[in-house]
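# Geometric and topological summary
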Amino acid sequence: MMMDGMTPLYWHWLVAGMLLVVAEIFLASFTVFWFGLGACLIGLILWLGLALSLNWQILLWLLSSIAFAFGWFKVIKPLSVDRTMAGLSREAVLGERGLLIKATGKPGQRGEVRFQIPLLGSDTWPCVANAPINAGETVEIKDVMGNTLVVSPISAPPSS
């Protein structure tokens, strides 16, 4: 296969795409990758035998690159956000509220609290309180001691 005029062949697009993908290793933006993937797509289309002029190749490359980037940043990346707060410091969990599923009883006696959204990788945690708290009450995290949460009950708002 020879290059006719100024129209790149499939392997030109594949090489350019691979170079752009490899260049992403040295850049922190995570956008060059999508232009490389778009170039590889054009190379694949040309390899399959679809003859396109240079103008169409460039237009399809730009559109596919933008579509890949848009798909990543607006659709796929938001789905992969870690909502567990795993690996965060204790300050990130202070003030979080959960439901006490095992009463604390005497001060210092362990209970168990459950959260609607997993907290630090788990939805249930052992807890202690300075005063007895009954199961079923809503509690708030006041401190973290090792793998145990220090909680206090949430006072109900006064009824009118």
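Just so we're clear, the structure is a prediction, and the values are computed from it rather than from any experiment.

Turning to the overall build of the chain, a few remarks are in order. On a plain count of helices and strands, the chain comes out with three helices and five strands. Helices (α) and strands (β) of the chain occur, in sequence order from the N terminus, as α-α-α-β-β-β-β-β. Considering the chain as a whole, with its 160 residues, one finds that 26% of them fall into the buried category. Put simply, of all contacts in the chain between residues at least 6 apart along the chain, 47% involve residues at least 24 apart.

This next bit is on the packing of helix H1 (residues 10–23) against helix H2 (residues 32–47). For the pair H1 and H2, the least separation of the axes is 7 Å and the interaxial angle reads 160°. Classed by the angle they form, the pair H1 and H2 counts as roughly antiparallel. Remark: the crossing between H1 and H2 carries left-handed chirality. Contacts from Tyr10, Trp13, Leu14, Ala16, Gly17, Met18, Leu20, Val21 and Ala23 in H1 reach Val32, Phe33, Phe35, Gly36, Leu37, Ala39, Cys40, Ile42, Gly43, Leu44, Leu46 and Trp47 in H2. A per-class count over the contact of H1 with H2 returns 18 nonpolar, three polar and no charged.

With mixed pairing, five strands are arranged side by side around a closed barrel as S1-S2-S3-S5-S4. On average, adjacent strands in this sheet sit at an angle of 55° to one another, irrespective of strand direction. Across three bridges, the pairing between strand S1 (residues 97–102) and strand S4 (residues 138–145) is antiparallel. Counted as the bridge partner of arginine 97 is glutamate 140 from S4.

Further remarks concern the environment of phenylalanine 33. Looking at where phenylalanine 33 falls in the secondary structure, it is placed in helix H2. If we ignore the near neighbours within four places in the chain, the residues touching phenylalanine 33 are Val21 and Glu24.

Next up on the list: the packing of aromatic side chains. To describe a pair of aromatic rings, you give the distance between the ring centres and the angle between the ring planes. Applying the stated criterion to the full structure yields seven aromatic pairs. Ring geometry for phenylalanine 30 and phenylalanine 33: centres 5.6 Å apart, planes at 10°, overall stacked. Using a relative accessible area of 31% as the deciding quantity, one classes phenylalanine 30 as partly exposed. Classification of phenylalanine 33 as partly exposed rests on a relative accessible area of 22%. Geometrically, the ring pair formed by phenylalanine 35 and tryptophan 61 is edge-to-face, given 5.9 Å between the ring centres and 65° between the ring planes. Of this pair, phenylalanine 35 sits in helix H2 while tryptophan 61 sits in helix H3 (residues 54–79), and the two are 26 residues apart along the sequence. Look at phenylalanine 35 and you get partly exposed, because its relative accessible area is 30%.

Attention now goes to the side chain of threonine 7. Tracing the backbone through its elements, the reader meets threonine 7 in the segment before H1. With sequence-adjacent residues up to four places away left out, threonine 7 is seen in contact with Leu52, Leu54 and Gln57.

Quick look at the nonpolar core now. Core analysis: the largest hydrophobic core is formed by 13 residues, its most contacted members being Val113, Phe115, Leu149 and Val151. Mapped onto this core, the elements with two or more residues apiece are strand S2 (111–119), strand S3 (122–128), S4 and strand S5 (148–153). A per-element tally of this core places S2 first, with three residues. For valine 151, the residues in contact, after removing those within four places along its chain, are Cys127, Val128, Ala129, Ile133, Val139, Glu140, Ile141 and Lys142. Of all hydrophobic cores here, the second largest spans five residues; its members include Trp13, Ala39, Leu46 and Leu52.

Procedures and definitions
Residues numbered from 1 in each chain as written. Predicted model: local features only at pLDDT ≥ 70, side-chain atom pairs only at ≥ 80, totals over all residues. Heavy atoms only, no water. Helix = DSSP H or I, 4+ residues; strand = E, 2+ residues; numbered from the N terminus. Buried < 20%, exposed > 50% of the residue type's maximum accessible area, 1.4 Å probe, protein only. Contact = heavy atoms within 4.5 Å. Axes fitted to C-alpha atoms, helices over the stretch in contact; angles between N-to-C directions. Parallel < 35°, antiparallel > 145°, perpendicular 65-115°, else oblique. Left-handed = near helix turned anticlockwise from the far one by under 90°. Nonpolar A, V, L, I, M, F, W, Y, C, P; charged D, E, K, R; others polar. Pairing = 2+ DSSP bridges. Phe/Tyr/Trp six-rings, centres within 6.5 Å; stacked < 30°, edge-to-face > 60°. Core = buried A, V, L, I, M, F, W, Y, C linked by side-chain atoms within 4.5 Å.

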